[in-house]
Amino acid sequence: MKYVFFDIECACVFKSVAKICAFGYVLTDEHFNVLIREEILLNPRGKFHLTDRKGGEGIVLPYEYEDFKKYPTFPSAYAKIKALLEEKEHIVLGHATMNDVKYLNLETRRYKLPSLKFSYYDTQFFYMNMTGGFSQQCGLGAIASELGVEFTPHRAVDDAYATMRVCEAMCAREQTDVAGIATRYKIRAGKTEEGRTRPADSAGLRAYFAEREKKRLEKSKAREKFYRFVNSNMPRRKKGGALEGKVFCFEKEIENNVEVSVKLVAAVFNAGGKYTSHARDCNVFISGAENSVSSKIAAENGAAVIPFEHFSRALEGV
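The following refers to the structure shown. These numbers were taken from a predicted model, which means no experiment stands behind them.

**Here we look at the environment of M164**
Link 1 in the chain: Note that M164 resides in helix 5 (residues 156-174).
Link 2 in the chain: Overall, M164 belongs to the buried group, its relative accessible area being 1%.
Link 3 in the chain: Apart from residues no more than four positions distant in its own chain, M164 is found in contact with F5, T28, F32 and V34.

**Let's talk about the sheet that holds strand 3 (residues 34-41)**
Link 1 in the chain: Spatial strand order, 3-2-1-4-5-7-8: 7 strands in an open sheet with mixed pairing. Each edge of the open sheet carries a strand with a single partner, namely strand 3 and strand 8 (196-198). When strand polarity is set aside, the average angle formed by the axes of neighbouring strands in this sheet is 25 degrees.
Link 2 in the chain: Summarising the sheet, strand 1 (residues 2-13) and strand 2 (residues 18-29) pair through 11 bridges and their orientation is antiparallel. Of the residues in strand 2, the one forming a bridge with Y3 is T28.
Link 3 in the chain: Running at roughly 65 degrees to strand 1, helix 2 (residues 97-110) makes contact with strand 1, strand 2, strand 4 (90-94), strand 5 (118-122), strand 7 (190-193) and strand 8 of the sheet.
Link 4 in the chain: Where helix 3 (residues 123-131) meets the sheet, its contacts fall on strand 4 and strand 5, and the angle it forms with strand 5 comes to roughly 50 degrees.

**With respect to the packing of helix 4 (residues 140-147) against helix 5**
Think of two packed helices as two axes; the pair is described by the angle between the axes and how far apart they sit.
Link 1 in the chain: Their axes nearest at 10 Å, the elements helix 4 and helix 5 cross at an angle of 45 degrees. Compared by their axis directions, helix 4 and helix 5 come out oblique. Viewed along their axes, helix 4 and helix 5 form a crossing whose handedness is left-handed. Residues L140, I143, A144, E146 and L147 of helix 4 pack against D159, A162, T163, V166, A169, M170 and R173 of helix 5.

**With respect to the packing of aromatic side chains**
Link 1 in the chain: Counting across every chain of the model gives 20 aromatic pairs.
Link 2 in the chain: Each ring, one from F5 and one from F32, has its centre 6.3 Å from the other, and the planes form 35 degrees; the classification is tilted. Placement of F5 in strand 1 and of F32 in the loop between strand 2 and strand 3 is noted, with a sequence separation of 27 residues between them.
Link 3 in the chain: The exposure class assigned to F32 is buried, which follows from its relative accessible area of 11%.
Link 4 in the chain: Relative to F126, the ring of Y121 lies with its centre 5.5 Å away and its plane at 45 degrees, an arrangement referred to as tilted.
Link 5 in the chain: Y121 gets classed as buried once you look at its relative accessible area, which sits at 18%.
Link 6 in the chain: Taken together, F226, Y227, F248, F250, Y275 and F311 form an aromatic cluster joined through their ring pairs.
Link 7 in the chain: The ring of Y161 carries the charged tip of R37 above its face, separated from the ring centre by 4.2 Å.

**Thoughts on the nonpolar core**
Link 1 in the chain: Ranked by size, the top nonpolar core spans 32 residues in total, and within it L93, Y121, F126, V166, M170 and V178 carry the most contacts.
Link 2 in the chain: Sorting the residues of this core by element identifies strand 1, strand 4, helix 3, helix 4, helix 5 and helix 6 (178-184) as the ones contributing at least two each.
Link 3 in the chain: Among the elements that make up this core, the one with the highest residue count is helix 5 (7 residues).
Link 4 in the chain: Counting residues in hydrophobic clusters, the runner-up holds 26 residues, among them F6, I40, Y103 and Y120.

**Examining the pairing of strand 4**
Regular strands place their side chains on alternate faces of the sheet.
Link 1 in the chain: Among the 5 residues of strand 4, 5 are classified as buried, and the element is accordingly described as predominantly covered.
Link 2 in the chain: Across the two faces of strand 4 the burial is the same, with H90, V92 and G94 and I91 and L93 all buried.
Link 3 in the chain: With 4 bridges connecting them, strand 1 and strand 4 associate as parallel partners. By the bridge assignment for strand 4, F5 is matched with L93.
Link 4 in the chain: Sheet analysis places strand 4 next to strand 5, joined by 2 bridges and oriented parallel. Its bridge partner lying in strand 5, L93 is registered against Y121.
Link 5 in the chain: Note on the crossover from strand 4 through helix 2 to strand 5: the handedness is right-handed.

About the cut-offs
Residues numbered from 1 in each chain as written. Predicted model: local features only at pLDDT ≥ 70, side-chain atom pairs only at ≥ 80, totals over all residues. Heavy atoms only, no water. Helix = DSSP H or I, 4+ residues; strand = E, 2+ residues; numbered from the N terminus. Buried < 20%, exposed > 50% of the residue type's maximum accessible area, 1.4 Å probe, protein only. Contact = heavy atoms within 4.5 Å. Pairing = 2+ DSSP bridges. Axes fitted to C-alpha atoms, helices over the stretch in contact; angles between N-to-C directions. Parallel < 35°, antiparallel > 145°, perpendicular 65-115°, else oblique. Left-handed = near helix turned anticlockwise from the far one by under 90°. Phe/Tyr/Trp six-rings, centres within 6.5 Å; stacked < 30°, edge-to-face > 60°. Lys NZ or Arg CZ within 6 Å of the ring centre and 35° of its normal. Core = buried A, V, L, I, M, F, W, Y, C linked by side-chain atoms within 4.5 Å. Right-handed = clockwise from strand over helix to strand, strands pointing away.

What follows is the structure in structure tokens.
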């Protein structure tokens, strides 16, 4: 059994287009001894339009872009890439691998080539399972730094090599191999076939989604209970009280804490105030987080923004 670590760089990536300009890979034995380290440079047949993850200009590839015109196009490397990734004795790995698999599928479609069929693992997904950090995706650079691996970012073969070193460090930390990590964390490999891609999955990820959905439902029920109280009690508010003419709005995290929010809004009604769920429509906003979007919207529309602690203390005894 051998490992294939690969990485792809593109001249441009759009929703249905990914023009590959570099395919880098490292082939190792099961002990991470490098057998082949190669970068295949390709003519993307298009201009370079490089953006960062948010769509802004930012990525600079460590190549001379004009040189790519003299390289062959993707079809010339297709057979080699196909053999490398589809070999049954190869375990294929990458970092954020699903993106690179997507690029391959788009290029095979672009050039009307047979789609690729192979399974793959993802070192980023390994790391998320090992740390339990499913809420955010860590870049190769961040993980490499944490594991003490150095590399030059955005050169395909160097990224592939860094991915190999990161995987090696993970296996050393877990005192097992790739298959051992997959078994330990109940990770199912991703797979691509007939142009469709199934992402990697794991017991940890499913548990994370289940817990997130549970919390979402709890928040939804809490908010429903809060607004039920508001709608039934605001018409019976005290007229002419100390807060007459004041329209309040709470930060969502305060609303969701029903035990507290119901008492606060009851005190507001008891003093003649009103309540709205829209920050832009209030004249008093009770903030729970500094510089939140809602507090900024309220302030921009002329509302007084009061920290939760100050407000709750002011209402003591009301």
